[in-house]
Amino acid sequence: MKKQITLLALLFASTNFTFAQNPGIARGAQALNAAATDLQQYFEPVTTIIYVIAAVVGVVGGYRVYSKMQNGDQDVQKAAVGWAGSFLFLLSVAAVLKAAFF
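Residues numbered from 1 in each chain as written. Predicted model: local features only at pLDDT ≥ 70, side-chain atom pairs only at ≥ 80, totals over all residues. Heavy atoms only, no water.

A few points about the environment of Phe89
When you line up the elements, Phe89 lands in helix 3 (residues 76-101). Spatially, the C-alpha atom of Phe89 lies 8.8 Å from that of Ala54, the residues being 35 residues apart in sequence. (Helix = DSSP H or I, 4+ residues; strand = E, 2+ residues; numbered from the N terminus.)

Printed below as a string of structure tokens:
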């Protein structure tokens, strides 16, 4: 029984050594590193675009709520909640992206 366990351990050790020397693994690791670098290069412009969109949504939504309030519409509260929700959603998306990738 001891001889079989020793043989099995030797077999596992030799296959791990063989897989560690596989050039395909090195190419895969290089590809993953290149993809991570590319993703980090695009991250800042994407978050900037998200912040710009959030600012536009904030200004346009604020104007819509203000005009509804001035006109005496009954759905001012619904419009304000929708506007605030969309604005906060865009800001939270940028924060989650920043937390996930950095």
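Things to note about the environment of Ile53
Note that Ile53 resides in helix 2 (residues 23-71). Its relative accessible area of 43% is what places Ile53 among the partly exposed residues. C-alpha of Ile53 to C-alpha of Leu90: the two residues are 37 residues apart in sequence and 7.9 Å apart in space. (Buried < 20%, exposed > 50% of the residue type's maximum accessible area, 1.4 Å probe, protein only.)

Concerning the pattern of salt bridges
Applying the stated criterion to the full structure yields one salt bridge. Lys68 is the salt-bridge partner of Asp75, the closest N and O atoms lying 3.4 Å from each other. Residue class for Asp75 comes out partly exposed when judged on its relative accessible area of 28%. Judged by its relative accessible area of 17%, Lys68 is buried. (Salt bridge = Lys/Arg side-chain N within 4 Å of Asp/Glu carboxyl O.)

A few points about the confidence of the model for the chain
Here the chain averages 80 in pLDDT, while 78% of its residues score no lower than 70. Put simply, helix 1 (residues 2-20) is where the chain has its lowest mean pLDDT, 61, and helix 3 is where it has its highest, 85. (pLDDT = per-residue confidence, 0-100.)

Digging into the side chain of Lys68
By secondary structure assignment, the location of Lys68 is in helix 2. Discounting residues that sit within four places of it in the chain, Lys68 has contacts with Asp73, Asp75, Val76 and Ala79. (Contact = heavy atoms within 4.5 Å.)

Digging into a nonpolar patch on the surface
Together, Tyr51, Leu88 and Leu91 make up an exposed nonpolar region whose accessible area comes to about 270 Å². Take Leu88: it is sitting in helix 3. (Patch = residues over 30% accessible without salt bridge, like charges linked within 9 Å, V, L, I, M, F, W, Y side chains within 5 Å. Areas by Shrake-Rupley, 256 points an atom, 1.4 Å probe, with all protein chains shown as cover.)

A closer look at the side chain of Thr47
Along the chain, Thr47 falls in helix 2. Residue class for Thr47 comes out buried when judged on its relative accessible area of 3%.

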